[in-house]
Amino acid sequence: MNHEHYLQSWLKKYYRRTNRLLKCPQKTRLRLIEELQNSVDEFLEEHPNAAPSDIVQHLGTPEQIAHDYLSSLDERQLHAHVSRTKTIRRVLAAAAIVV
């Protein structure tokens, strides 16, 4: 597997993992992932032979990225999103039991 193919495969997993860790509205998650992709693209333009470890060292792990971003969110926004998500899960669970 060549470097470019390996890196693209790794980046797909990196973005997916970061996306899964972001417990915020979908619109917000998509915006953050787009910003992350832009940052990676800029880094790779400056460092075309960069390895995944270089990207992680420069931008952080998915866990660090998610933590830093969620820490910067308005607490009320985050709480409202978590409450809505829990309510939706409860309704779906109840519907599954009925069916």
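Since we're looking at a predicted model, the values are computed, not measured.

Here we take up the confidence of the model for the protein. Confidence in the prediction for the protein averages 83 pLDDT; 73% of positions are at 70 or higher. Looking at the elements of the protein, mean pLDDT is at its lowest for helix H5 (residues 75-98), recorded as 58, and at its highest for helix H3 (residues 52-59), recorded as 96.

Moving on to the environment of Leu11. Residue placement: Leu11 occurs in helix H1 (residues 3-21). Residue classification places Leu11 among the buried residues on the basis of a relative accessible area of 4%. Separated by 26 residues in sequence, Leu11 and Gln37 place their C-alpha atoms 8.9 Å apart. Other than its neighbours up to four places away in sequence, Leu11 contacts Val40, Leu44 and Ile55.

Leu11, Tyr14, Leu22, Val40, Leu44 and Ile55 are the most contacted members of the largest nonpolar core, which has 19 residues in total. For this core, the elements supplying multiple residues, two or more each, are H1, helix H2 (26-46) and helix H4 (62-72). At six residues, the largest contribution of residues to this core is made by H2.

Take the packing of H1 against H2 next. Close contact between H1 and H2 brings their axes to 10 Å; oriented N to C, the two are set at 150°. Comparing the axis directions of H1 and H2 gives the class roughly antiparallel. In this structure, H1 crosses over H2, and the sense of that crossing is right-handed. For the pair H1 and H2, the contacting residues are Leu7, Leu11, Tyr14, Tyr15, Thr18 and Asn19 in the first and Arg29, Ile33, Leu36, Gln37, Val40 and Leu44 in the second.

On to a negative patch on the surface, then. On the surface, Asp41, Glu42, Glu45 and Glu46 cluster together into a negatively charged patch. Note that Glu46 resides in helix H2.

All right, on to the pattern of salt bridges then. Under the counting rule described, the total for this entry stands at two salt bridges. With a shortest N-O distance of 2.9 Å, Glu63 and Arg17 are connected by a salt bridge. Taken together, the residues Glu63 in helix H4 and Arg17 in helix H1 connect sequence positions 46 residues apart. Of the residues examined, Glu63 reaches a relative accessible area of 39% and is grouped as partly exposed. For the salt bridge of Glu35 with Arg31, the shortest nitrogen-to-oxygen distance reads 3.1 Å. Of the two residues, Glu35 and Arg31 both sit in helix H2, four residues apart, roughly one turn of that helix. Taking the relative accessible area as the measure of exposure, Glu35 reaches 37% and is therefore partly exposed.

Criteria and thresholds
Residues numbered from 1 in each chain as written. Predicted model: local features only at pLDDT ≥ 70, side-chain atom pairs only at ≥ 80, totals over all residues. Heavy atoms only, no water. pLDDT = per-residue confidence, 0-100. Helix = DSSP H or I, 4+ residues; strand = E, 2+ residues; numbered from the N terminus. Buried < 20%, exposed > 50% of the residue type's maximum accessible area, 1.4 Å probe, protein only. Contact = heavy atoms within 4.5 Å. Core = buried A, V, L, I, M, F, W, Y, C linked by side-chain atoms within 4.5 Å. Axes fitted to C-alpha atoms, helices over the stretch in contact; angles between N-to-C directions. Parallel < 35°, antiparallel > 145°, perpendicular 65-115°, else oblique. Left-handed = near helix turned anticlockwise from the far one by under 90°. Patch = residues over 30% accessible without salt bridge, like charges linked within 9 Å, V, L, I, M, F, W, Y side chains within 5 Å. Areas by Shrake-Rupley, 256 points an atom, 1.4 Å probe, with all protein chains shown as cover. Salt bridge = Lys/Arg side-chain N within 4 Å of Asp/Glu carboxyl O. Lys, Arg positive; Asp, Glu negative; His and termini not counted. Charge placed at Lys NZ, Arg CZ, Asp CG, Glu CD.

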